[in-house]
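In case you want the letters, here they are:
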Amino acid sequence: MARALRAFLPARAVLFEEEDTRPYECDGLTAYRQLPMVVALPETEEQVQRVLITCSKLEVPVVPRGAGTGLSGGALPPGDGVLLSMAKFMRVLRVDPRARVAVVQPGVRNAVISEVAAPHGLYYAPDPSSQIACTIGGNVAENSGGVHCLKYGLTLHNVLRLRGLTIDGEPLEVGAEAPDAPGLDLLALAIGSEGMLFVVTEVAVKLLPKPQGARVIMASFDDVEKAGDAVAAVIATGIIPAGLEMMDRPATHAVEQFVAAGYDLDAAAILLCESDGTPAEVEHEIARMKAVLASAGAVRIAVSRDEAERLRFWSGRKAAFPAVGRISPDYYCMDGTIPRKRLGEVLNFIAEMERKYGLRCPNVFHAGDGNLHPLILFDANNEDELRRTEQFAGEVLEKCVAVGGTITGEHGVGVEKINQMCAQFGAAELELFHAVKRAFDPRGLLNPGKAVPTLAPCAEHGRMRVHRGALAHPELPRF
């Protein structure tokens, strides 16, 4: 395979020695690893096209990869295929301040888009915690969100157009920079498709005017259920905060040791509620939110006094993942979504699972839209702890479904949640997903074994179950 790719790629752009391919063996879900057979690093769309045509002719699997910051194993490579890195596609192609559009290549980092738009008073709204490292191509694949997604939406709501290539190397464009595009809305289908339909080579994103100002409330609660109820109360008043995040006590303690964000360490949980807009709008909304939070049982309310303090409050939430990485050999970052009114119930369920499996689990999440990110702490060198972590995670995800939620909000399914797809969807629905996949990729060569499970009868449960595929592959080592 390497010889076939080197026929048109420079030698430095085709990696096949173990020492060169080892950095690509996993993404942010480090518990599962697989060395790719070959890594290709093209620099032009024509080179990507030739890689895909070559793999298609030889029927070799292809897994597209961005920065590798994903947390569901979506970029886990095939041991018998090509890992297609889009890391060299780092150009900002165009910024149009009048149309409020930026056109970028998929390897451009999320934070860079706002940096290049800043001189025009504009920015790109979705802000995943990994925004200084994650790429827009990866954001498109997983439909990433961020702490401000409640008001400004996910990647889906901020991308206008995609250009890419099918597994056969055919150019494909979906969406438009105009208010609407002709035909079916394939843009919504493509965003969040986890690299299973086509390889993205160009992204047009929507830019927004930077708010004149912003302030954030830190509200402390002596009970996690009260904090969860307060989230629902804020939204029930008709207020849509710019951000509404929640952290429990174990999370705030881990974060405070790391970045000294000024969090209330006595609180069972804290809420961060942000308002942005004109100064008058911000003051009015902050006053309304303070009243709601106090009525909901907040025992302490602090409001950022200036921009430095606002950023300090947010720094803790943004640094939550690396903070828990300092206190545990490994952590398993989950991603499920539930109705806001069930937050307290699900947090109490997670506490029960901590006791059941003997594992700690700090909680940080986008409370405003019910997107949970429990962080199960474990040691990957301990096989039993990894097994218990998987079981813990599976029970929490199935609880999310049971209360009317879903198994993912922004991290995707990848290999991590492929079993739980069968808890959420029936056989007929899963077959429809496979039919969509076949329409773009009839032979299943793009990112195989991810997101949509293969089904087999499961008599003991009276429903279908997943063939675990990559997750339980005998050649897939766990670390």
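Calculation rules
- Residues numbered from 1 in each chain as written.
- Predicted model: local features only at pLDDT ≥ 70, side-chain atom pairs only at ≥ 80, totals over all residues.
- Heavy atoms only, no water.
- 1 Å grid on protein atoms, 1.4 Å probe; cavity = no way out; pocket = protein on both sides within 12 Å on 5 of 7 lines; lining within 4 Å.
- Points joined across faces, edges and corners; volume = space filled by probe spheres on them.
- Helix = DSSP H or I, 4+ residues; strand = E, 2+ residues; numbered from the N terminus.
- Buried < 20%, exposed > 50% of the residue type's maximum accessible area, 1.4 Å probe, protein only.
- Pairing = 2+ DSSP bridges.
- Contact = heavy atoms within 4.5 Å.
- Axes fitted to C-alpha atoms, helices over the stretch in contact; angles between N-to-C directions.
- Parallel < 35°, antiparallel > 145°, perpendicular 65-115°, else oblique.
- Left-handed = near helix turned anticlockwise from the far one by under 90°.

A. Molecular detail of the layout of surface pockets. Put simply, the second largest pocket is a space of about 810 Å³. Mapped onto the lining of the second largest pocket, the elements with two or more residues apiece are helix H4 (110-117), strand E7 (122-123), strand E12 (213-221), strand E14 (269-277) and helix H11 (307-318). Per-element accounting of the lining of the second largest pocket gives the leading share, 6 residues, to H11.

B. Looking closely at H4. Within H4, 6 of the 8 residues are buried, which leaves it mostly tucked inside the rest of the structure. For H4, every residue scored as buried is listed here: Asn110, Ala111, Val112, Ile113, Ser114 and Ala117.

C. Local environment of the sheet that holds strand E4 (residues 82-85). The 4 strands are arranged E1-E2-E4-E3 in an open sheet whose pairing can be described as mixed. Of all strands in the sheet, those bounded by a partner on one side alone are strand E1 (14-15) and strand E3 (62-65). As defined by bridge partners, strand E2 (residues 38-40) adjoins E4 across 3 bridges and the pair is classed as parallel. Bridge pairing in E4 links Val39 to Leu83. Strand contacts of helix H3 (residues 45-58): E2, E3 and E4, with the helix running at about 165° to E4, the strand carrying the most contacts.

D. Broad picture of unusual backbone geometry. Backbone geometry at Glu59 places phi at a positive 55°, although glycine is not the residue there. Tracing the backbone shows Glu59 in the loop between H3 and E3. A positive phi angle, near 55°, is found at Asn143, a position not held by glycine. Position of Asn143 among the secondary structure elements: in the loop between helix H5 (136-142) and helix H6 (149-152). Judged by relative accessible area, which is 13%, Asn143 ranks as buried.

E. Highlighting the packing of helix H8 (residues 224-236) against helix H13 (residues 343-357). At a closest axis distance of 7 Å, the pairing of H8 and H13 adopts a crossing angle of 150°. Our classification of the angle between H8 and H13 gives roughly antiparallel. Taken as a pair, H8 and H13 cross one another with a handedness that is right-handed. Across the interface between the two elements, Val224, Glu225, Gly228 and Val231 of H8 pack against Leu343, Gly344, Leu347 and Asn348 of H13.

F. Quick peek at the sheet that holds strand E6 (residues 101-104). The 5 strands lie next to each other as E5-E6-E10-E8-E9, forming an open sheet whose pairing is antiparallel. If you trace the sheet from one side to the other, it starts and ends with strand E5 (92-96) and strand E9 (171-175), each paired once. Taking the axes of each pair of neighbouring strands and ignoring which way they run, one obtains an average angle of 10° across the sheet. Relative to strand E10 (residues 199-206), E6 is paired through 4 bridges, and the arrangement is antiparallel. Among the inter-strand pairings, Val103 is bridged to a residue of E10, identified as Ala204.

G. A look at the environment of Pro23. Tracing the chain through its elements places Pro23 in the loop between helix H2 (18-21) and E2. Classification of Pro23 by relative accessible area gives exposed; the value is 53%. Taking the C-alpha atoms as reference, Pro23 lies 25 Å from Glu202; in sequence the two are 179 residues apart.

H. Structural view of the pairing of strand E19 (residues 371-378). Counting buried positions over the 8 residues of E19 gives 8, a clear majority of the element. Residues of E19 alternate between two faces, with Asn371, His373, Leu375 and Leu377 on one and Leu372, Pro374, Ile376 and Phe378 on the opposite face, all of them buried. With 4 bridges connecting them, strand E16 (residues 330-333) and E19 associate as antiparallel partners. Opposite Cys333, over in E19, you have Leu375 as the bridge partner. Examined bridge by bridge, strand E17 (residues 336-337) and E19 share 2 bridges and lie antiparallel to one another. Bridge pairing in E19 links Thr337 to Asn371.

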